[in-house]
Amino acid sequence: MKINTKECALNYLLHSLPYDGKISLSDIAELQKFMTKENKLKEVCDLTRIKQRTDDGRCYIYINRKQFIGSDYADLINRLYQHFYGILSYTLTDLFPKWLLWRRDNTKVSNKTLKEYMFLWNALYKDTAIVTIPITKLNTKSFIQFFRTITKEGSLSRKRFNDGKSILNGIYYYSIEQGIVESNPLNNINYRIFNYKPINDVKNIYSLEEREKLLKHLSDNNDIYSLAIQFDFHIIARIGELKSLKWSDISNNIIRIQTQLLEDQTMNDDLSFNARTHQNVEHIKGNTSHGFRNIPLTPSAIAILNRIREVNPDGQYILMHDGKQLTTVTFNRHLKKFCNEAGIPYRSSHKIRFTVASVLHKNGVPDTILQEWLGHTQLSMTLHYYGKQVLMKSNKLVSLQI
């Protein structure tokens, strides 16, 4: 039996009134909420098609051959609203910010990692079709087709792909906990079928020729950023370790790696970040004893340190500008500027570490010693730094002492 929706809405309003006939502000708010739902539903379905069963009075409607049933008109409206606008209609776009905040508040995750998640989301998923589909409608086939699209040109490394995939896995685990879905379709995919970018190919690191060209370009430049970059090409420290080095860490041509400068920003509830903060901490990446290590200084590294001492004679830290430690952002900004001036492609500060490791390996430093100098817990991590690189184009040894 076809029903009069206006009459049903009126009945809902009348039955919602309190027994004493007095209407409170909360009663009015509840009625307005119901009417808002009803008006919102009219944008996606024809409520005039709602019918009522004569035997039990239940209301129902067919939408795309699917039947929706409610105990009465109000119950059906609430069920329809839940279907179109409730958690079952959440897309990956809807869930990503909810998952980020859940990760921030319920797990041990750094703000740096949260920021990396946002960067990867914007780079890999934002504005793609798959993130606009309700998550309840996505399946394994959906993701196989999507992954084939983003990897078909071999533009993504396996690591970057996996980092991006960890976001999707995280959203699905969160959705399972929230009762939105029951399983994760990503678990059924064979990820070997996709085309990934080769690991650490020559395009992604500094070649020996580029290293020499950049250092020659900077050889007469005593700007603190220039000296910092030159020094970085002669040791094997991470950028955070480099920035926290003190003059007191040097003894008998050995430099002790024992602190790092961490840059952090706190995520707000609107997913924005507070102003960047900097803190020196007495632990190394990975929080293992392997991070604390001694690295020998070559004569060239010592010569650069002497030039730095002339620029920064009184600073507690080796690399300082206007009385403050250098930051990763400013380091990389100057590195990019100097690379452009030297006519070579820019890579981030971390790629310098790859280059130094490769030079030392080429000069015959044993893998186990390199592992110690790099601060790696496993030898496989060290071999990854130069095992597949096309860095050395000749068989000659290349000295760090240039």
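Just so it is clear, the structure is predicted and the values come from calculations on it, not from any experiment.

**With respect to the nonpolar core**
Then, number 1: In terms of nonpolar packing, the biggest core is built from 43 residues, with L214, F231, I236 and I308 touching the most fellow members.
Then, number 2: Among the secondary structure elements, those contributing two or more residues to this core are α8 (208–218), α9 (224–232), α10 (239–243), β5 (254–257), α11 (299–311), α12 (328–342), α13 (349–362) and α14 (367–374).
Then, number 3: Among the elements that take part in this core, α9 stands out by supplying six residues, more than any other.
Then, number 4: Ignoring any residue separated from it by four or fewer positions in sequence, one finds F231 in contact with L242, L245, I255, L297, A301, I304, L305 and I308.
Then, number 5: In this structure, W99, I135, I180 and F273 belong to the second largest nonpolar core, which totals 39 residues.

**Focus: the sheet that holds strand β3 (residues 66–70)**
Working definition: the strands of a sheet are paired by backbone hydrogen bonds and lie parallel or antiparallel to each other.
Then, number 1: What the three strands build is an open sheet, ordered β1-β2-β3; its pairing is antiparallel. Every other strand in the sheet has two partners, leaving β1 (51–52) and β3 as the edge strands with one partner each.
Then, number 2: In this fold helix α3 (residues 73–85) packs onto β2 (59–63) and β3, with an angle of close to 135 degrees to the strand it touches most, β3.

**Considering α14**
Then, number 1: Residues L370, Q371, W373 and L374 constitute the buried set of α14. Taken end-on, α14 shows its buried residues confined to a sector of 165 degrees, consistent with a single buried face.
Then, number 2: Directly after α14, the chain includes G375, whose backbone phi takes a positive value near 80 degrees.

**Comments concerning the packing of helix α6 (residues 140–151) against helix α7 (residues 158–177)**
Then, number 1: Following both chains from N to C, one finds α6 and α7 inclined at 155 degrees, their axes separated by 13 Å at the closest point. As summarised for this structure, α6 and α7 are arranged roughly antiparallel, according to the angle between their axes. Relative to α7, α6 is oriented so that their crossing is right-handed. On the side of α6, the interface is formed by F143, F147, I150 and T151, while α7 contributes F161, L168 and Y172.

**Considerations on the packing of aromatic side chains**
Then, number 1: Under the definition given, this model contains 19 aromatic pairs.
Then, number 2: A centroid spacing of 6.3 Å and a plane angle of 40 degrees characterise the contact between F96 and W99, whose relative ring orientation is tilted. Of the two residues, F96 and W99 both sit in helix α4 (residues 92–106), three residues apart, roughly one turn of that helix.
Then, number 3: For F96, a relative accessible area of 6% gives the class buried.
Then, number 4: We classify W99 as buried; its relative accessible area is 2%.
Then, number 5: For the pair Y125 and F146, a centre-to-centre distance of 6.0 Å together with 35 degrees between the ring planes defines the contact as tilted. Residue Y125 is found in helix α5 (residues 111–125), and its partner F146 is found in helix α6; the two are separated by 21 residues along the sequence.
Then, number 6: We classify Y125 as buried; its relative accessible area is 2%.
Then, number 7: For K165, the ring lying beneath its charged end belongs to Y191, and the centroid distance is 4.4 Å.
Then, number 8: The positively charged end of R309 is found above the aromatic ring belonging to W247, 3.8 Å away from the centroid.

The rules behind the values
Residues numbered from 1 in each chain as written. Predicted model: local features only at pLDDT ≥ 70, side-chain atom pairs only at ≥ 80, totals over all residues. Heavy atoms only, no water. Core = buried A, V, L, I, M, F, W, Y, C linked by side-chain atoms within 4.5 Å. Buried < 20%, exposed > 50% of the residue type's maximum accessible area, 1.4 Å probe, protein only. Helix = DSSP H or I, 4+ residues; strand = E, 2+ residues; numbered from the N terminus. Contact = heavy atoms within 4.5 Å. Pairing = 2+ DSSP bridges. Axes fitted to C-alpha atoms, helices over the stretch in contact; angles between N-to-C directions. Arc of directions from axis to C-beta. Parallel < 35°, antiparallel > 145°, perpendicular 65-115°, else oblique. Left-handed = near helix turned anticlockwise from the far one by under 90°. Phe/Tyr/Trp six-rings, centres within 6.5 Å; stacked < 30°, edge-to-face > 60°. Lys NZ or Arg CZ within 6 Å of the ring centre and 35° of its normal.

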